[in-house]
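# Examination of the molecular architecture
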Amino acid sequence: MSYVPTVLIVDDSRLSRMMIRAFITQSHPDWTIIEASNGQEALEKTATQAVDLMTIDLNMPGMDGLTLATQLQHNNPTAYITLVTANIQESVRHRATAAGMGFIAKPVTEDSIRACLSSLEKSRA
Amino acid sequence: MVSASVVPHNPVASSAPFTVLIADDDRINRMVLHAMLKKDGHTVYVAENGHEAVTLFEQHQPDLVLMDVMMPYMDGYEATSRIKALTGERFVPVIFLTAMTDAQALVHCVECGGDDFLHKPYKHAILKAKIAALERVRQLYTTLQSQKNALASHHRRLQREYEVAEKLFSTIVHPGCLDAPHLKYLLSPMSIFNGDLLLAARKPAGGLHIMLGDFTGHGLPAAVGAMPVADIFYAMTAKGYAISDIVAEVNQKLKAILPTGVFCAAALLDLDATYSQLTIWNGGLPDVLVCQPSGGPLRRLCSQHLPLGVVDNTRLDRSVEVIEVMPGERVYAYTDGVIEASAPTGEMFSQPRLEVYLTQDCAPEQVFETVCDGLTTFRAGGPQRDDLTLIEITCDAGLANHTSPEATTSYVAKAPACWHMAFALDAMTLRTLDPLPQIMQMLMALQGLHAHRERLYTILAELFANALEHGLLGLDSALKHTPQGFVAYYTAREQSLAALEHGCINIALTHTAMGTAGQLTLRIEDSGPGFAYQRCQPDLAANTTHSGRGIPLVRALCQTLTYHGAGNCVEAVYVWSQGETNVSQHEP
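What you see is a predicted model; the values in this text were computed from it and never measured.

The rules we used
Every chain's residues receive numbers from 1 upward, in the order its sequence appears when written. Starting at A for chains and at 1 for ligands, labels are handed out in the order in which the entities are written. Only residues with pLDDT of 70 or above have their local features reported here, since the model is predicted, and side-chain atom pairs are shown and tallied only from 80 upward, although totals for entire chains, interfaces and linings are computed over all residues. Only DSSP runs of H or I covering at least 4 residues are called helices, and only runs of E covering at least 2 are called strands; the numbering of each starts at the N terminus. Here exposure depends only on C-beta density: within 10 Å of a residue's C-beta, 20 or more other C-beta atoms make it buried, 12 or fewer make it exposed, and intermediate numbers make it partly exposed, the C-beta atoms being placed from the backbone. Whether two residues are in contact depends on their C-beta atoms, placed from the backbone: they are in contact if these lie within 7 Å. Strand pairing is defined by DSSP finding a minimum of two bridges between the two strands. As a rule, the C-alpha atoms of each element are fitted with a line to give its axis, helices using only the stretch in contact, and angles between N-to-C directions run from 0 to 180 degrees. The nonpolar class holds Ala, Val, Leu, Ile, Met, Phe, Trp, Tyr, Cys and Pro. Asp, Glu, Lys and Arg form the charged class, and all remaining residues, Gly among them, are polar. Here a crossover is taken to be right-handed if, once the strands point away from the viewer, the path from the first strand over the helix to the second is traced clockwise. Any set of buried Ala, Val, Leu, Ile, Met, Phe, Trp, Tyr and Cys residues joined through C-beta atoms within 7 Å is what this text calls a nonpolar core. Each helix crossing is assigned a hand: it is left-handed if the near helix lies turned anticlockwise from the far helix by less than a right angle, otherwise right-handed if that turn is clockwise. By definition here, a helix of n residues has an expected span of 1.5 Å times n minus one. By arc we mean the arc of the directions from the helix axis to the C-beta atoms, nothing more. For every residue, the predictor states its confidence as a pLDDT score lying anywhere from 0 to 100. Roughly parallel here means an angle under 35 degrees, roughly antiparallel means over 145, roughly perpendicular means 65 to 115, and every remaining angle is called oblique.

Turning our eyes to something else, we now look at the overall build of chain B. Across its full length, chain B carries 18 helices and 20 strands. For chain B, the residues scored as buried account for 38% of the 588 residues in total.

If you tally the helices and strands in chain A, you get 5 helices and 5 strands. In sequence order, chain A lays out its α and β elements as β-α-β-α-β-α-β-α-β-α. Sorting the 125 residues of chain A into buried and exposed places 38% on the buried side. Pairs at least 24 apart in sequence give 63% of the contacts found in chain A among residues at least 6 apart.

Once that is clear, we can look at the sheet that holds strand β9 (residues 264–271) of chain B. All names here are of chain B. Ordered by their spatial adjacency, 5 strands build an open sheet running β7-β8-β9-β10-β13, and the pairing between neighbours is antiparallel. Edge positions in the open sheet fall to β7 (196–202) and β13 (321–324), since each of these has one partner strand only. Shown here is a sheet whose adjacent strand axes are inclined to one another by a mean of 15°, direction ignored. As paired elements, β9 and strand β10 (residues 277–283) share 6 bridges and run antiparallel to each other.

Turning our eyes to something else, we now look at the interface of chain A and chain B. Of the residues lining the interface, 11 residues belong to chain A; the matching set on chain B comes to 13 residues. Split into classes, the residues belonging to the side of chain A that touches chain B amount to 5 nonpolar, 4 polar and 2 charged.

Attention now goes to the pairing of strand β1 (residues 6–10) of chain A. All names here are of chain A. With 4 of 5 residues buried, β1 is to be regarded as a mostly interior element. As judged from the 5 bridges shared by β1 and strand β2 (residues 32–36), these two strands associate in the parallel manner. Bridged to Thr 6 within β2 is Thr 32. Once you follow β1 into helix α1 (residues 14–27) and on to β2, the crossover reads as right-handed. Sheet topology places β1 next to strand β3 (residues 53–57); 4 bridges connect them, and they run parallel. Opposite Val 7, over in β3, you have Leu 53 as the bridge partner.

Moving on, we get to the environment of B:Gly448. On the secondary structure map, B:Gly448 appears in the loop between α14 (436–447) and α15 (453–472). Along the primary structure B:Gly448 and B:Ala413 are separated by 35 residues, whereas in three dimensions their C-alpha atoms are 4.5 Å apart.

We now examine the sheet that holds strand β18 (residues 517–526) of chain B. All names here are of chain B. Strand order in this open sheet of 5 strands is β16-β17-β18-β20-β19, and the pairing throughout is antiparallel. Whereas interior strands pair on both sides, the edge strands pair on one side only; in this sheet they are β16 (419–426) and β19 (560–564). The sheet shows a mean angle of 15° between the axes of neighbouring strands, direction not considered. Of the strand pairs in this sheet, β16 and strand β17 (residues 504–514) are connected by 8 bridges, and their pairing is antiparallel.

Turning our eyes to something else, we now look at the nonpolar core. Residue and element names in this part refer to chain B. Residues Ala 267 and Ala 333 are the most contacted members of the largest nonpolar core, which totals 107 residues. What Ala 267 contacts, discounting residues up to four positions off in sequence, is Leu 212, Ile 280, Trp 281, Asn 282, Leu 285, Val 288 and Ala 333. Within the second largest apolar cluster, 38 residues are counted, among which are Ile 439, Ile 459, Leu 472 and Val 570.

Any two packed helices are characterised by the angle at which their axes cross and by the distance between the axes. Residue and element names in this part refer to chain B. Contact pair helix α10 (residues 351–359) / helix α11 (residues 367–379): the axes reach a minimum separation of 9 Å and the direction vectors enclose 145°. In the packing of α10 onto α11, the handedness of the crossing is right-handed. Contacts from Leu 354, Tyr 357 and Leu 358 of α10 reach α11 at Val 367, Thr 370, Val 371 and Gly 374. Taken together, the residues of the contact of α10 with α11 sort by class into 5 nonpolar, 2 polar and no charged.

Before going further, it helps to spend a moment on unusual backbone geometry. Both trends apply: most residues other than glycine have a negative phi, and most peptide bonds are in trans. A:Lys106 connects to A:Pro107 through a cis peptide bond whose omega is 0°. Mapped onto the elements of the fold, A:Pro107 is located in the loop between β5 (102–105) and α5 (110–124). Of note, B:Tyr275 is a non-glycine position whose phi angle comes to about 55°, a positive value. Mapped onto the fold, B:Tyr275 is located in the loop between β9 and β10. By the C-beta count within 10 Å, which is 26 here, B:Tyr275 ends up buried.

All names here are of chain B. Under the 1.5 Å per step criterion, the end-to-end length of helix α8 (residues 243–257) is 21 Å for 15 residues, consistent within 8% with the ideal 21 Å. Where α8 is concerned, the buried positions are Ile 243, Ile 246, Val 247, Val 250, Asn 251 and Leu 254. Buried positions in α8, seen along its axis, are confined to an arc of 130° and lie on one side of it. The inward-facing, buried residues of α8 contact β8 (208–215), α7 (226–238), β9 and β10.

Now for the environment of B:Leu509. Residues and elements named next belong to chain B. Structurally, Leu 509 can be placed in strand β17. Overall, the presence of 21 C-beta atoms within 10 Å leaves Leu 509 in the buried class. In this structure the C-alpha to C-alpha distance between Leu 509 and Ala 572, which are 63 residues apart in sequence, comes to 9.8 Å. Excluding anything up to four places from it in sequence, Leu 509 contacts Met 421, Leu 443, Leu 520 and Leu 522.

So, about the confidence of the model for chain B. Residue and element names in this part refer to chain B. In the predicted model, chain B carries a mean pLDDT of 84, and 90% of its residues have values of at least 70. Throughout residues 404–409 the model reports pLDDT below 50, and contacts reaching past four residues in sequence, or to other chains, amount to 9 contacts. Long-range and interchain partners of residues 581–588, a stretch whose pLDDT sits below 50, account for 18 contacts in this model, where long-range means more than four residues apart.

Below, the discussion takes up the packing of α1(A) against α5(A). Residue and element names in this part refer to chain A. At their nearest, the axes of α1 and α5 sit 10 Å apart, and the two run at 60° to each other. By the angle between their directions, the pair α1 and α5 is classed as oblique. Where α1 crosses over α5, the handedness of that crossing is right-handed. Contacts between α1 and α5 involve Ile 20, Phe 23, Ile 24 and Ser 27 from the first element and Glu 110, Ile 113 and Leu 117 from the second. Residues belonging to the contact of α1 with α5 are distributed by class as follows: 5 nonpolar, 1 polar and 1 charged.

What follows is the structure, given as structure tokens:
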């Protein structure tokens, strides 16, 4: 049986989660997708679950996306992490790029998710 | 302290001369200052006391005032207060001329509006430097002031443009029949323009269409897309199109006009004339909830589709869900703004919390207000992050029919003419097209029977549905009498129609003139086996089609209704007169 990747989508907007899920499912209907609406929920849901790809909204109430991404990366060193954001400060970009994370600009489109998935494949190759 | 040596390097020090007012009761002092200022090219006015200073200030509006403190008639403090009150938006520096070193007295100078001090004995270089420094402040102030004015006038112009746009917007995106007694709604936009969209329109043959939409983002950019959507929704509903047709049309429009990444999560709801059947297409909105009048578990109609404007029509799934609803049941549709509204702690209102409010033990007619109050309390005055919309529809045909008639443009029917038109629809056409809106449109174009539109649509829709569902598809309407059977009936209808290979339906409309009256004969014939109509009259009375209220209603609307042949052909005669009042008519 072939390996089925698991994706974690963290975003406080239900609609954003839905769109990302739809775009991923379109090309990979068999992948396992976990959704979380905040940092706490994301940590709980991935405590006992290995994740291959994470898309994390940067601006969320409570724990911010970068703090969460850093923690999740610590727990899942092999996961490919992408930050999703409408506007990004240079300092954040530097820190995230240094940590090997990718970026997707909001609003998320079919093309940006496709690019993200091919980055994942490259990082796995 | 500005040193005299830097002054020559300061371009402002030798700047354009300006007008200076000197107020001093000492003649020698006045002469000294006057001479210094004259030498630098300034225009000088001289006052001997505070009172005269105020008068001269009013007359000449100088750019700078040199003010002694102790003077007869009015002292420097008082004169400065008055002068500062006269300057309005202009910045006119006042320099106090003083030999005092008493801290309290100096503080008092500043309190009265003084900007600087010049100590006796006066030195020309220092006076010049102070004037230069104050000139810099004055220029800064002037620049700031003119920017402020420019900003204010820009803001006013924008406000006016917004008001005009808002008027245009609210005319096109009007709320339709949202004021009907069985509808309650909450609209809470973040700005003048709402990125949420709530539309309601009565269908030509009774019943209701509702559309709730939520555009990506908020404010003007989000609201612009609402205009074509509202146009399409109202026009197509009035012509009798089904919500799946409206979904396709709106999607195509939005896909074409919206920039990438902007789309509209939407739910379209269709309630039939008896308010017993709900048809829904939910693309990206939160679960639409159906609540029983007595509390208890609710039904969730979750999003099955992508939002409108994401994919093109070839990839759009326009299939709808149909459920049976009971009298008194309430349907709730809402945008993400409701469940994602946050408390000051950052916690979200959430769908589970909304469901708790909806299923709590409370009089049904108070549930909506309780939810709104709960939402306000939860947010506790915190900032609103998204547009927020909630609608409640009570399934109560009685209440719905109290709706006051919508204002209709008073179309005038055309003089009765003689014409005939006929359609022969084969299986492929029937599978892919609802012919009724087109037929109605032609009927209106030919004869202008807008006042009769609802009645004619009802007759046509009922007879066509009978021909298709019973005549061609062979469905048994007895199936509909139980809640399970109801869904089964609808599913069977969809499946049989999709598989329809043979058969046809012929529709013929014949209009004849009889003076000022017109007679329209509708003849619908299907290629099915027919039925023993001579023996089935009582059964017909109980036969309601999936789309409405059945044969008894049609019989009531027509002059005559007769079956022919094997029962596979029906003829309805409708008579109208030009003298009738031209308002939209309602079923009894």
